[in-house]
Number of protein chains: 2
Amino acid sequence: MPSDLSADIRAAGLRVTRGRLQVLELLENAPHSDAESIHALLRDVDPDISIQSVHNILSALASAGLVRRIEPARSPARYERRLGDNHHHVVCTECGAIEDVDCVVGHAPCLTPSSTSGFTIATAEVNFWGVCPDCATVAETPVASPVA
Amino acid sequence: MPSDLSADIRAAGLRVTRGRLQVLELLENAPHSDAESIHALLRDVDPDISIQSVHNILSALASAGLVRRIEPARSPARYERRLGDNHHHVVCTECGAIEDVDCVVGHAPCLTPSSTSGFTIATAEVNFWGVCPDCATVAETPVASPVA
DNA sequence: GGGTAATCGTGAATGACTCAAAATAGGCGC
DNA sequence: GCGCCTATTTTGAGTCATTCACGATTACCC
């Protein structure tokens, strides 16, 4: 079923290469992966791929609009393939796990700040910080001050 | 009038040192500064201060809750002294300039995601991405795809 | 199938930050 | 005001994710 990935890539004006196909396919199954884990998974299929190529591929895909790059504080950049819908993320302050959060309120209520200070707003990004179920069970101790 | 800064520092359980006072004072005048520019400004007053000390001071102040650390993607960590009120930021996709944005809606409407995926949400962070007035005048050309 | 430019591999380099150990200085009790 | 103890700073090296440069390879158009 990865056949139309090629079409996507080509439609974005990029050449279709094995690496790019693999990265896209991989991001379907493992969203929110960072460059290093993508590299690790890719090596299973193509042992010769280098981490630089992964960065290369990812930034090509990102600037072509095929993947979205998210960079939570304290964590390497991660990539995901869900595009178009403006959804947000929950990040675990303990282990860095990321999950998607749909913007219930339909279409960006928070997208309109009160005073833009003259800025021309293009996008809004919402990140929720908390503790994921796994880490919550491990550490009962309420954490000090993770973000603020 | 920087006299009660000492009190603030002490109240947080930290020792009052010259560097910390200077950093706090500096952040009043130049909010959203990153470690490097803080270092540069500090050298005017105290030429012997090292960049590591600046990092040290900043992380001490941050974990004591005296400053807030903000880390927009594609930009080194920045620090500000506005605390308590949950305000957000506009970041210029061109030059990285940051301005404060008050959360009009009183108290965090966006703070409540639809499904938390089992996460225990602690804080929410909202970043707006756009083009600042300065960069808007310089480049009339609408930019490709800066963030998304 | 051949040519050409995009893409990948290799290697080195950068920026921002962290870690470790020795030198210094703040603030407590006296 | 004086010393002591420990928090903080300094100095220096090291880490991590990412980027840059350039030659080798490969996809795609004809």
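Just so it is clear, the structure is predicted and the values come from calculations on it, not from any experiment.

So, the protein's contact with DNA strand D
Here's step 1: Contacts to DNA strand D come from 21 residues, most closely from Val-16 and Ala-77 of chain A together with Thr-17, Arg-20 and Ser-53 of chain B.
Here's step 2: At the protein interface, 68% of the atoms of DNA strand D within 4 Å belong to sugar or phosphate.
Here's step 3: Within the side chain of Gln-52 of chain B, a nitrogen or oxygen atom sits 3.4 Å from a base nitrogen of DNA strand D.
Here's step 4: Going through the elements one at a time, helix 3 (35-45) and helix 4 (51-63) of chain A together with helix 4 (51-63) of chain B are the ones with two or more residues in the surface near DNA strand D.
Here's step 5: A per-element tally of the surface near DNA strand D places helix 4 of chain B first, with 4 residues.

Notes on the UniProt feature "binding site: Zn(2+)" (unreviewed entry) in chain A
Here's step 1: UniProt records the feature "binding site: Zn(2+)" (unreviewed entry) at Cys-92, Cys-95, Cys-132 and Cys-135 of chain A, using the numbering of this structure. The greatest C-alpha distance among the residues just named is 8.2 Å, despite their covering 44 residues of sequence, which places them together in space.
Here's step 2: Assignment of secondary structure puts Cys-92 of chain A in strand 4 (residues 88-92).
Here's step 3: Classification of Cys-92 of chain A as buried rests on a relative accessible area of 2%.
Here's step 4: Discounting residues that sit within four places of it in the chain, Cys-92 of chain A has contacts with Ala-97, Gly-130, Val-131, Cys-132 and Cys-135 of chain A together with Phe-119 of chain B.
Here's step 5: Relative to the assigned elements, Cys-135 of chain A resides in helix 5 (residues 133-138).
Here's step 6: Not counting residues within four places of it along the chain, the set of residues in contact with Cys-135 of chain A comprises Cys-92, Glu-94 and Cys-95 of chain A.

Topic: the packing of helix 2 (residues 18-29) of chain A against helix 4 of chain A
Residues and elements named next belong to chain A.
Here's step 1: Where helix 2 meets helix 4, the axes come as close as 10 Å, and the angle between the chain directions of the two elements is 70°. When the axis of helix 2 is compared with that of helix 4, the two are roughly perpendicular. Of the residues in helix 4, those in contact with Gly-19, Arg-20, Val-23 and Leu-24 of helix 2 are Ile-57, Leu-58, Ala-60 and Leu-61.
Here's step 2: Considered class by class, the residues forming the contact of helix 2 with helix 4 number 6 nonpolar, 1 polar and 1 charged.

How each quantity is defined
- Residues numbered from 1 in each chain as written.
- Chains lettered and ligands numbered in written order.
- Predicted model: local features only at pLDDT ≥ 70, side-chain atom pairs only at ≥ 80, totals over all residues.
- Heavy atoms only, no water.
- Near = heavy atom within 4 Å.
- Polar contact = N/O pair within 3.5 Å; in protein donor to acceptor, adjacent residues only side chain to side chain.
- Helix = DSSP H or I, 4+ residues; strand = E, 2+ residues; numbered from the N terminus.
- UniProt positions renumbered as here; feature names shortened; annotations may be inferred.
- Buried < 20%, exposed > 50% of the residue type's maximum accessible area, 1.4 Å probe, protein only.
- Contact = heavy atoms within 4.5 Å.
- Axes fitted to C-alpha atoms, helices over the stretch in contact; angles between N-to-C directions.
- Parallel < 35°, antiparallel > 145°, perpendicular 65-115°, else oblique.
- Nonpolar A, V, L, I, M, F, W, Y, C, P; charged D, E, K, R; others polar.

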